[in-house]
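Observations on the model geometry
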Amino acid sequence: MLDHSNNVLINGGTFTEHHCEHHHARSSEGMWFPRSLSIILKYNQCMSTAMKRLLETSSLGALHNSGERFDPPKCHPNTRTAVLQKLMDWFIGEVGWDNFVLWLYGPAGAGKSAIAQTFAELCAANNGLLASFFFSRSDLRRNNEKAFVATLAYQLWFHILESRPIIESAISNNPAIFQLNFDTQFRTLFLDPLLQLSSAGRFASAIPFPNLIIIDGLDECNGADMQNAIVNTISNTLQHHRLALPFKFLIASRPEYHLTTSFSVGHLHTLTFRLAMDDTYLPDDDIRLYLTDSFHDIRQTHIMRTHLPDSWPSAEDIEKLVAKSSGQFIYAATVVRYVSSPQHNPLDRLKVIQGLLPVNDDRPYAQLDTLYINILSDMEDVKGVLRILGVAFVWTKIKYHSMEPLAVCHLEKLMQLTPGTIQLLLIDLLSVVDASDSKRPIKFLHASFSDFLVDPTRSREFFIDPSNMHAEAAHFCISAIESLDMATPLPDLAYRSLLKHLRLAGPLHDNAILREKVLNVPYIEHWTTYALTLINTPLKYFYSSSDDPGMFLEFLQTSEFRQTEELYLHHRSIFDQILRKYLALIPMRPCQVFWTAVCAGGVLESHGVVSWGTFWALSDSLAAYLSASVPGFLFSALFGQIQEGSEWRAPAWYDLYCVTDTLYQRMVREFLNDPSRAGPYAVDQPTYTTAVVVAVEFAVSAWDEMESLSPYVYELDQWNFVWDALAFMLSKAGYSAELVDTLSKQNLTFNLGRPGTNVRHQVQTLFGAVCSYLLKFKGSIPSPFKIIINWTECPSDYIGNCFTAEELDDDWVSDTWRVFYVDESILPSDKDT
């Protein structure tokens, strides 16, 4: 007998059978009779009126072996074996021996009904199944409780012969029993007969009896109250009659909130063994096997089998389908059913599933769509639910570096909802989305569910338009920037995602409301406060962000809003105003003028990176902090770094690489080169003159002086910047007696490190720039004229020889660290030019 069996093993989806014969029955007076005699005494050939009424009231289509449920969903061979074995272990008492209820729960489409059906067949084959009821939302006889008790009573009547006179008598004594409430029906037609049988010793004898009751799809019974009534009735029955009624209940359902609560409190909590359909049982492995076997069958049996390659579908195709299934068998089963249609080409139908061919008029996901529509149809506030799901969905599409998905609590703040609103609204969607943890993002349990929502041909009235949702998300981002509540992560989320939402929110041309919000958003004004939170953010990460004001201005230049130029000029004027404000606060020392000229000249644009050591070495050695010498706001959007002694100091510049060519720098360069925007701060020839004096002073400094400024400047070998800055600024500079005097020296020595690349060109360019400057402002070049290049720490009076252009190729390594000089022979020939 199953209720006394041990170590029952599942092998290929079947169990070892143990046949037991029922030889005896007990009369209502408690006397034992041979079964044949009992039947003769109690029944005649004509069915009683009570039995006819029981059958009429029952829903035989809810039985596991009903003809109405022809070809019900079952586990594919050799799949779900671990789950089935766990169920059998519970049933025979190997695990949870004192748990008389097992709750099998999981999201929609997880395969709960297939498991319940397979387990029912296995137990029925071994005389272990007393009764089953498979609820179905779409069947009027199986989506409510009206036939539930009658169906259980019929199965009790059928499987335990001694119960027949008891049940028939109860119906005869109370002809209105089927019109009474659920509790009365359950007690009269099911519980009392079982208790009478127990009192008569039926369940204590050696005669075997089936003792498993399976209730599948409880969540598909109309009404949460009735679902709770069913489980509470079972709980009370088992609690008060545990010794008298050695029966077990397997209940399968989705983890709806009210059911989760019922199974978690009171007596039912202690009586229940919980079995979750999650990744514990490796559903992907079973789905992969199911798909592999099913496609093999298609290749063997389909009418077009001779045209189907053995390699179809590929392993990669199978894996993509497994991933799309999200652990839910219903998606895989839907795909197989669609592809295997005998009236169509399987190759083409799989391409439709993969999105490689248009859907046309057929509906590949009809079964899946019906499931999702049924779930959404139960929502009270459909508009609110779809709005939340839409914003959550488009946020998952914003892939931005290490930005965390939006947690439920943050989504509520962003959408300006009362805390707890999302969990409340989505409480009936637990089978397809999970919002149970407010500190985690909403999780779409089915990848196919989000596909369904954004496809209007499938979701119909539940369609979510991603473009509209991106626009909605942009509204929320702008509100977060306006409020600038730095106690929350919302400003960071808003700044880092607004532009992505705007780019995906089209069409923008007719969206007047969003345009007005973009016009008035204090994006640049509030940037200072927001940027303070980035103090520990590596600039290498920062400069690749989409939250840079330069990116914002560029977006406005090219957006599809009406009168986009007005939008752009409005925010650009704010940008200009802030730059002028900060420039007014800077004491314009020569070193700061140098960096302003560097920014205006675009010197950084040809460099991948510039080390902070280079900034330090080219800055004011008397300044207490780097920020006192380098107007950092010209290079980065961290506007707050402008004051001497500022707490910002090093962090913005002391990361591995601090600046590269960015949109922000280009916006600043345009500002500095436009007198109508920069006013007195526009960079002109005098600015470059002052700047080049600073650069030349650095270039002619002795090695020991440079090392005292920054011990890293030559170790990092970022000299390309210095070579470019010198040559460029000399070409822009005006007359300076000091500069002419320095460059005219007979033994002009540049103590510069060897350029990392393009050595020959950079040496030629620098020598040519010096010659051009002297010709322009002195009228002549000293003859003979040479520049000593000392990229070593050797004394400058140690000069090897004049290096030719050919000897300065990048791959030339001999005597690389010698001091040498260059003269006119280094200049490019006509051929070189």
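Residues numbered from 1 in each chain as written. Predicted model: local features only at pLDDT ≥ 70, side-chain atom pairs only at ≥ 80, totals over all residues. Heavy atoms only, no water.

As annotated in an unreviewed UniProt entry, the protein chain carries the name Nephrocystin 3-like N-terminal domain-containing protein and comes from Psilocybe cyanescens.

1. Section: the sheet that holds strand β13 (residues 787-789)
Applicable threshold: Strands are labelled as partners when DSSP assigns at least two bridges between them. By definition, any uninterrupted DSSP run of H or I lasting at least four residues is a helix, any uninterrupted run of E lasting at least two residues is a strand, and each is numbered from the N terminus. Think of each axis as a best-fit line through the C-alpha atoms, taken over the contacting stretch in the case of a helix, with angles from 0 to 180 degrees between the N-to-C directions.
One open sheet holds the 3 strands; their spatial order is β12-β13-β14, and the pairing between them is mixed. The strands lining the two open edges of the sheet, one partner per strand, are β12 (748-750) and β14 (820-822). Between one strand and the next, the sheet's axes are offset by a mean angle of 35 degrees, whatever the strand orientation. The pairing of β13 with β14 spans 3 bridges and is antiparallel. Bridge pairing links Ile-789 to Phe-820 in β14.

2. Here's the deal with the sheet that holds strand β8 (residues 248-253)
Taken together, 5 strands build an open sheet; the order of strands is β6-β7-β8-β5-β9 and the sheet is parallel. Of all the strands in the sheet, the pair left with one neighbour each is β6 (129-134) and β9 (272-276). Sheet twist, expressed as the average angle between the axes of neighbouring strands with direction ignored, equals 15 degrees. Sheet topology places strand β7 (residues 212-216) next to β8; 5 bridges connect them, and they run parallel. Bridging from a neighbouring strand, Ile-214 pairs with Leu-250 of β8.

3. What about the packing of helix α23 (residues 512-520) against helix α27 (residues 564-585)?
Our working rule: Angles below 35 degrees are treated as roughly parallel, those above 145 as roughly antiparallel, those between 65 and 115 as roughly perpendicular, and all remaining angles as oblique. Here is the rule for handedness: rotate from the far helix to the near one, and if that takes an anticlockwise turn smaller than a right angle the crossing is left-handed, while a clockwise turn gives right-handed. The contact definition used throughout considers only heavy atoms, calling two residues in contact when any of these lie within 4.5 Å.
Between α23 and α27, the shortest axis-to-axis distance is 9 Å and the interhelical angle comes to 20 degrees. Considering their axes alone, α23 and α27 lie roughly parallel with respect to each other. Relative to α27, the crossing made by α23 is left-handed. Between α23 and α27, the residues in contact are Arg-515, Val-518 and Leu-519 and Glu-566, Leu-567, His-570 and His-571, respectively.

4. Thoughts on the layout of surface pockets
Our working rule: Buriedness of a pocket was judged along seven lines, with at least five required to meet protein on both sides within 12 Å; pockets are open sets of points on a 1 Å grid over the protein atoms alone, cavities are sets where a 1.4 Å probe fits but cannot get out, and lining residues have an atom within 4 Å of a point. Grid points are joined across faces, edges and corners, and a volume is the space filled by probe spheres set on the points. When residue character is reported, Ala, Val, Leu, Ile, Met, Phe, Trp, Tyr, Cys and Pro are called nonpolar, Asp, Glu, Lys and Arg charged, and the others, Gly included, polar. Where each domain begins and ends is defined by an automated method or by a domain database.
The calculated volume of the largest pocket comes to roughly 1,400 Å³. Lining of the largest pocket is provided by 44 residues; of these, Pro-73, Ser-113, Ile-330, Arg-337 and Gln-367 occupy positions nearest its centre. At the level of elements, α4 (112-125), β8, α11 (283-301), α13 (329-339) and α15 (366-377) are the ones that each hand at least two residues to the lining of the largest pocket. With 5 residues, the single largest contributor to the lining of the largest pocket is α13. For the lining of the largest pocket, a count of residues per class yields 18 nonpolar, 13 polar and 13 charged. Of the domains in this structure, domain 1 (47-280) and domain 2 (283-358) are the two that each give at least three residues to the lining of the largest pocket. Within this model, the second largest pocket holds a volume of roughly 460 Å³. Secondary-structure elements contributing two or more residues to the lining of the second largest pocket are α12 (315-325), α14 (346-353), α19 (447-453) and α20 (456-459). No other element matches α12, which puts 4 residues into the lining of the second largest pocket. Taken together, the residues of the lining of the second largest pocket break down into 7 nonpolar, 5 polar and 10 charged.

5. A word on unusual backbone geometry
For the peptide bond that leads from Trp-312 to Pro-313, omega is -10 degrees, which places it in the cis range. Despite not being glycine, Leu-484 has its phi angle at roughly 50 degrees, a positive value. With respect to the helices and strands, the residue Leu-484 is situated in the loop between α21 (466-483) and α22 (490-503). The residue Gln-563 is not glycine, and still its phi comes out positive at about 50 degrees.

6. Description of the packing of aromatic side chains
One pair of aromatic rings is described through two measures. These are the centre distance and the angle between the planes. As a reminder of what qualifies: Here a Phe, Tyr or Trp ring, Trp counted by its six-membered ring, pairs with any other such ring whose centre lies within 6.5 Å, and the pair is stacked when the planes are under 30 degrees apart, edge-to-face when over 60, and tilted otherwise. Throughout, exposure labels follow a simple rule: accessible area from a 1.4 Å probe, protein chains only, divided by the maximum for the residue type, with under 20% read as buried, over 50% as exposed, and the rest as partly exposed.
For the structure shown, the criterion picks out 35 aromatic pairs. Residues Tyr-154 and Phe-158 carry aromatic rings whose centres are separated by 6.2 Å and whose planes lie at 35 degrees to one another, so their mutual orientation is tilted. With Tyr-154 and Phe-158 both in helix α5 (residues 148-159) and 4 residues apart, this pair spans about one turn of that helix. Residue Tyr-154 is classed as buried on the basis of its relative accessible area of 15%. Accessibility expressed as a relative area gives 47% for Phe-158, which makes it partly exposed. On the basis of an interplanar angle of 15 degrees and a centroid distance of 4.4 Å, the ring pair of Tyr-495 and Tyr-530 is categorised as stacked. One end of the pair, Tyr-495, is in helix α22; the other, Tyr-530, is in helix α24 (residues 527-531), with 35 residues separating them in the sequence. Each member of the pair, Tyr-495 as well as Tyr-530, carries the same accessibility label: buried.

7. With respect to helix α7 (residues 182-199)
Since there are 3.6 residues in each turn of an α-helix, residues three or four apart along the chain are aligned in direction. Applied cut-off: The length a helix should cover is 1.5 Å for every residue beyond the first.
Across its 18 residues, α7 extends 24 Å between first and last C-alpha, which sits within 8% of the 26 Å expected from 1.5 Å per residue. When α7 is considered as a whole, its buried residues turn out to be Phe-182, Thr-184, Gln-185, Phe-186, Thr-188, Leu-189, Phe-190, Leu-191, Pro-193, Leu-194, Leu-197 and Ser-198. Contacts from the buried residues of α7 go to β6, α5, α6 (164-173), β7 and α8 (224-240). Of the residues one or two after α7, Gly-201 is the one with positive phi, at around 85 degrees.

8. Details of the side chain of His-302
Take His-302: it is sitting in the loop between α11 and α12. The class of His-302 is buried, set by a relative accessible area of 5%.

9. Points about empty space enclosed by the protein
Summed over all chains, the structure comprises 4 cavities of 30 Å³ or more. As a volume, the second largest cavity reaches approximately 60 Å³. Considering the residues around the second largest cavity, the lining is formed by Val-598, Cys-599, Gly-602, Val-603, Leu-604, Glu-605, Phe-635, Gln-665 and Arg-669. Its residues assigned to classes, the lining of the second largest cavity shows 5 nonpolar, 2 polar and 2 charged.

10. Details of the pattern of salt bridges
We apply this condition: A side-chain nitrogen of Lys or Arg and a carboxyl oxygen of Asp or Glu constitute a salt bridge if their distance falls within 4 Å.
As enumerated under the stated definition, the model contains 18 salt bridges in all. One salt bridge connects Lys-74 with Glu-121, and the closest N-O pair in it is separated by 3.9 Å. Here the residue Lys-74 occupies a position in the loop between α2 (49-57) and α3 (81-91), and Glu-121 occupies one in helix α4, the gap between them amounting to 47 residues. The exposure class of Lys-74 is partly exposed, given its relative accessible area of 44%. Taking the relative accessible area as the measure of exposure, Glu-121 reaches 30% and is therefore partly exposed.

11. Structural notes on the pairing of β7
The cut-off we apply is this: Handedness of a crossover: with both strands directed away from the viewer, a clockwise path from the first strand across the helix to the second marks it as right-handed.
Of all 5 residues making up β7, 5 are buried, and the element is well covered by its neighbours. Because side chains alternate across β7, one face comprises the buried residues Leu-212, Ile-214 and Asp-216, and the other comprises Ile-213 and Ile-215, equally buried. Of the pairings in the sheet, the one linking β6 to β7 comprises 5 bridges and is parallel in character. Looking at β7, one finds that Leu-129 is bridged to Leu-212. The β-α-β motif built from β7, the intervening α8 and the parallel element β8 has right-handed crossover chirality.

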